Amino acid sequence: MSIAIRQIHPVFVGEVSGVDISTPLSDGDAAAIEAGMDRYAVLVFHDQELTDEQQMAFSLDFGKLEDARGGNVTKPEDKRLPEGMNDVSNLGQDGAPLDRESRVHLFNLGNLLWHSDSSFRVVPAKYSLLSARVVHPAGGNTEFADMRAAYDELDAAAKAEVEDLICEHSLMYSRGSLGMLDYSDEERKNFRPVRQRLVRTHPVTGRKSLYLASHAGAIVGMTMPEARILLRDLTEHATQRKFVYAHQWRRWDLVMWDNRQVMHRGRRYDQRHPRDMRRTTVAGDAPTAVQVEAA
Ligand SMILES: [Fe+2]
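Here we summarise the structure given alongside this text. (Residues numbered from 1 in each chain as written. Predicted model: local features only at pLDDT ≥ 70, side-chain atom pairs only at ≥ 80, totals over all residues. Heavy atoms only, no water.)

As for the packing of aromatic side chains
Note the cut-off: Geometry of aromatic contacts follows a simple scheme: Phe, Tyr and Trp rings, the Trp one being its six-membered ring, pair when their centres are within 6.5 Å, and the pair is stacked under 30 degrees between planes, edge-to-face over 60, tilted otherwise. Working definition: with a 1.4 Å probe on protein chains only, accessible area under 20% of the residue-type maximum means buried, over 50% means exposed, and in between means partly exposed. Strands here mean DSSP runs of E at least two residues long; helices mean DSSP runs of H or I at least four residues long; both are numbered from the N terminus. By definition here, charges over rings are those cases where NZ of Lys or CZ of Arg is within 6 Å of the ring centre and within 35 degrees of the ring normal.
The full count for this structure, using the stated rule, is 7 aromatic pairs. Aromatic pair phenylalanine 58 and phenylalanine 62: ring centres 5.3 Å apart, planes at 80°, arrangement edge-to-face. Both residues of the pair, phenylalanine 58 and phenylalanine 62, belong to the buried class. When the centroid spacing of 6.5 Å and the interplanar angle of 20° are considered together, the rings of phenylalanine 144 and tyrosine 245 count as stacked. Here phenylalanine 144, found in strand E6 (residues 142–146), pairs with tyrosine 245, found in strand E12 (residues 244–247); they are 101 residues apart in sequence, far enough to count as distant. By the burial criterion, phenylalanine 144 is buried, and tyrosine 245 matches it. One aromatic cluster in this structure is built from Phe45, Phe58, Phe62 and Tyr127. Looking at lysine 126, its charged tip hangs above the ring of tyrosine 127, at a distance of 4.6 Å from the centre.

Quick notes on unusual backbone geometry
Located in the positive-phi region is alanine 41, a residue other than glycine, with phi close to 70°. Of the residues examined, alanine 41 reaches a relative accessible area of 0% and is grouped as buried. Not every positive phi belongs to a glycine, and aspartate 47 is a case in point at roughly 55°. With respect to the helices and strands, the residue aspartate 47 is situated in the loop between strand E3 (42–45) and helix H2 (52–59).

Describing the coordination of the iron ion
Inclusion rule: Coordination partners: N, O, S within 2.8 Å of the metal, 3.2 Å for Na, K and Ca; water not considered, so apparent gaps in a site are possible.
Donor atoms from the polypeptide that coordinate the iron ion comprise His115 (NE2), Asp117 (OD) and His264 (NE2), at 2.1 to 2.2 Å from the metal. Along the chain, the residues donating to the iron ion fall in the pattern H-x1-D-x146-H. Taken together, the residues histidine 115 in the loop between helix H3 (103–108) and strand E5 (127–134) and histidine 264 in strand E14 (residues 262–266) connect sequence positions 149 residues apart. Each member of the pair, histidine 115 as well as histidine 264, carries the same accessibility label: buried.

Topic: the sheet that holds strand E7 (residues 166–169)
Spelled out, the test is: Two strands form a pair only when DSSP identifies at least two bridges running between them. Lines fitted to C-alpha atoms define the axes, with helix axes restricted to the stretch in contact, and inter-axis angles between N-to-C directions lie between 0 and 180 degrees. What makes two residues a contact is simply this: any of their non-hydrogen atoms within 4.5 Å.
Across the sheet, 3 strands lie side by side as E8-E7-E11; this open sheet has antiparallel pairing. Either end of the sheet is taken by a strand with one partner, and the two such strands are strand E8 (194–197) and strand E11 (216–219). The sheet shows a mean angle of 40° between the axes of neighbouring strands, direction not considered. Direction of pairing for E7 relative to E8: antiparallel, over a ladder of 4 bridges. Looking at the pairing, glutamate 168 lines up with arginine 195 of E8. The strands touched by helix H8 (residues 224–238) within the sheet are E7 and E11, with E11 carrying the most contacts at an inclination of about 125°.

Next comes the structure, spelled out in structure tokens:
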């Protein structure tokens, strides 16, 4: 069995075959996957029956796991999954779908907006790996947009305009756009805006990409309305269908993406049915911009 990657979308996304990621990878396979990530930005693996421990072990081949604290409104005692696993399900600790009016559910709806995982952290995430444990009978696709292709198609004036811009990202901006405006003092502290460059350069390939997310709600040196109009325009450009791949989940798919090169969003589904998706997140290694001291 040897590893192979086949491109399944005109601009990005590779489908990987010939590897069992539940067992330790050879150095050659790990290097082939990392090289595939640099090139395709999203990799799809089918039929990977994983435990949480196996998913974490596979993720560790690509860096350290990100500390998930401060990224949601779920209380520690209400968490369903062990440390190191991000819960992207619609389930509570009892295994049943969350109440539709629960704050955790409402907060999780923010995942249906285009975003890049952890762009609200000073050091944003490198990779995310999402494993489908219980799939929804209909709906619940995850869509990905290639932010390198989107950057490449900006005209020269637009590229010059965005080159040095710094955005402010916060979970309060993405959730605020859904009308969620009430936060505790502790949440306000956790969700304090952080600065990110709008144009990133991939450390291996040198390709530039737009670093957008619904978490971006302001641009340094611009009024907020002007910033938001620009961010909306860029997002509209970047999420044209020609740049988007829609993944229709099968049980035991694992999809891994490079948050530095793509945005993604979940799609709506009927919340009455269980959907159990579990994410591991590989930490990034540096901030993209200089931060300002917190007030
Ligand atoms: Fe996400």
